[in-house]
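Letter by letter, the chains look like this.
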Amino acid sequence: MKNNRLKIATRKSPLALWQTNHVREALRRLYPEQLIEIVEITTQGDKILDTPLAKIGGKGLFVKELENSLLAGQADMAVHSMKDVPVELPSGLILPVIMCREEPYDAFVSNHYPNLAALPLGAIVGTSSLRRQSQLLALRPDLSIRPLRGNVGTRLQKLDRGEFDAIVLAVAGLKRLGMSERIREILTPDIILPAIGQGAIGIECREDDQVTQERIAPLNDYATQQRIKAERAINQRLGGGCQVPIAGFAEISDNELLLRGLVADPQGKQVLYHTLRGALEFPEELGDQLAQVLLSQGADRFLQTWQFSA
Ligand SMILES: NCc1[nH]cc(CCC(=O)O)c1CC(=O)O
């Protein structure tokens, strides 16, 4: 007999806890009688804070321990920022639910400058994301990009201590944590194309756990799910993981998917970019097609170089 408590695995960061609580509240509204327990897990990604993620194995570090807890039966589901979830899931796990997406863009945050264009020559910008770095440098090669890791709150503290002229953070994280007043400028996709999955929350569970799958199914947002599938298919084909500056962003317009993809070198000297439209029902095909266009533009050469240069 299945224990009737539903257990949700989560990281302990304030953002992860907010997202998990968001899922719990949605489940509570659906099943007021259901007991729901939150299982907090400390991941490697949370422990190692001084090294760029790309050097220590990438963003997968944030999800691996949560996945192990699912496989070990210590939890029934795990809540993730889709941006942190590698395209290949461990066998036995699935990601059947993608919740309605929050604003997917990046935010320019500064205590002294109203927007990116107002930054003086050589200004210091904090980010450890190669995707953000390469796009910032493509636009403003004069900027000095410095590493910045840690929770959203920690990053803001470092900005406030004067370590940077500005930092770039996801709008979604700032909003969820009630810090949207820190946003000086929303960086639209023509300035910085968002990360694949940014702003979307996914729920992972065991493939053989029908009970949990039925429970969480109503939390899925079809439109967001199709968008995220298209974006993740780019990564699937490029196989870049997070050592490579890759960006992908799908929208729905006229009931079709509009997908943009970008691959760049970390210094932003070469930026490959392409846009495709396709049927809402076939997101993987569109993402795959887009990746192939980027490959035909020379993305494969970039991908190989970077894999061995870390
Ligand atoms: N890199 C960590 C991370 N993972 C997800 C978000 C934001 C929330 C989201 O994208 O859903 C953040 C913070 C940030 O990039 O500023």
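Throughout this description, residue numbers start from 1 for each chain and increase along the sequence as written. Restriction of local features to residues with pLDDT of at least 70 applies here, the model being predicted, together with a cutoff of 80 or more for giving and counting side-chain atom pairs; totals for whole chains, interfaces and linings are based on all residues.

### Looking at the sheet that holds strand β13 (residues 271-279)
Taken together, 3 strands build an open sheet; the order of strands is β11-β12-β13 and the sheet is antiparallel. For this open sheet the edge positions go to β11 (246-253) and β13, each flanked by a neighbour on one side alone. Going across the sheet, the axis of each strand differs from the next one's by a mean of 15°, ignoring polarity. Bridging between β11 and strand β12 (residues 256-264) involves 8 bridges; their strand directions are antiparallel. Bridge pairing in β12 places glycine 248 opposite glycine 261. We call two residues in contact when the distance between their C-beta atoms, placed using the backbone, is within 7 Å. With axes taken as lines fitted to C-alpha atoms, and helix axes fitted only over the stretch in contact, angles between N-to-C directions fall between 0 and 180 degrees. Numbering goes from the N terminus for both helices and strands, where a helix is a DSSP run of H or I of at least four residues and a strand is a run of E of at least two. Of the strands in this sheet, β11, β12 and β13 touch helix α4 (residues 130-139), which is tilted by about 80° from β12. Across the sheet, helix α8 (residues 222-238) touches β11 and β12, and the angle it forms with β11 is around 150°. Here, any two strands with at least 2 DSSP bridges between them count as paired.

### A look at the site of the ligand
Around the ligand, the neighbouring residues are Ser81, Lys83, Asp84, Val152, Leu169, Ala170, Ala172, Gly173, Gln198 and Gly199. For this classification, Asp, Glu, Lys and Arg are treated as charged, while Ala, Val, Leu, Ile, Met, Phe, Trp, Tyr, Cys and Pro are nonpolar and the rest, including Gly, are polar. In terms of residue class, the shell around the ligand is made up of 4 nonpolar, 4 polar and 2 charged. Throughout the structure description, domain borders are defined by an automatic or database domain assignment. For the shell around the ligand, the two domains that each supply at least three residues are domain 1 (1-99 + 201-220) and domain 2 (106-187). Residues are counted as near a molecule or strand when the C-beta atom, derived from backbone positions, lies within 6 Å of that molecule or strand.

### A word on the sheet that holds strand β10 (residues 201-206)
Judged by pairing direction, the sheet is mixed, and its 5 strands sit side by side in the order β2-β1-β3-β10-β4 without closing on themselves. In this open sheet, the two strands that pair with only one neighbour each are β2 (36-41) and β4 (93-98). Taking each pair of neighbouring strands and ignoring which way they run, the sheet shows an average axis angle of 30°. The sheet strands contacting helix α1 (residues 14-30) are β1 (6-11), β2, β3 (77-81) and β10, and the helix crosses β1 at an angle near 160°.

### What about the environment of aspartate 208?
Mapped onto the elements of the fold, aspartate 208 is located in the loop between β10 and α7 (210-216). As for aspartate 208 and isoleucine 94, which are separated by 114 residues in sequence, their C-alpha atoms are 9.3 Å apart.

### As for the packing of α8 against helix α9 (residues 283-296)
Here α8 crosses α9 at 40°, and the two axes come no closer than 7 Å. Regarding the angle of α8 to α9, the classification is oblique. For the crossing formed where α8 meets α9, the hand is right-handed. Judged by residue contacts, Gln226, Lys229, Ala230, Glu231, Arg232, Ala233, Ile234, Arg237 and Leu238 of α8 engage Pro283, Glu284, Leu286, Gly287, Asp288, Leu290, Ala291, Gln292 and Leu294 from α9. Across the contact of α8 with α9, the residue classes tally to 9 nonpolar, 3 polar and 6 charged. Orientation labels follow simple angle bins: below 35 degrees gives roughly parallel, above 145 gives roughly antiparallel, 65 to 115 gives roughly perpendicular, and whatever is left gives oblique. Should the near helix be turned counterclockwise from the far one by less than a right angle, the crossing is left-handed, whereas a clockwise turn marks it as right-handed.

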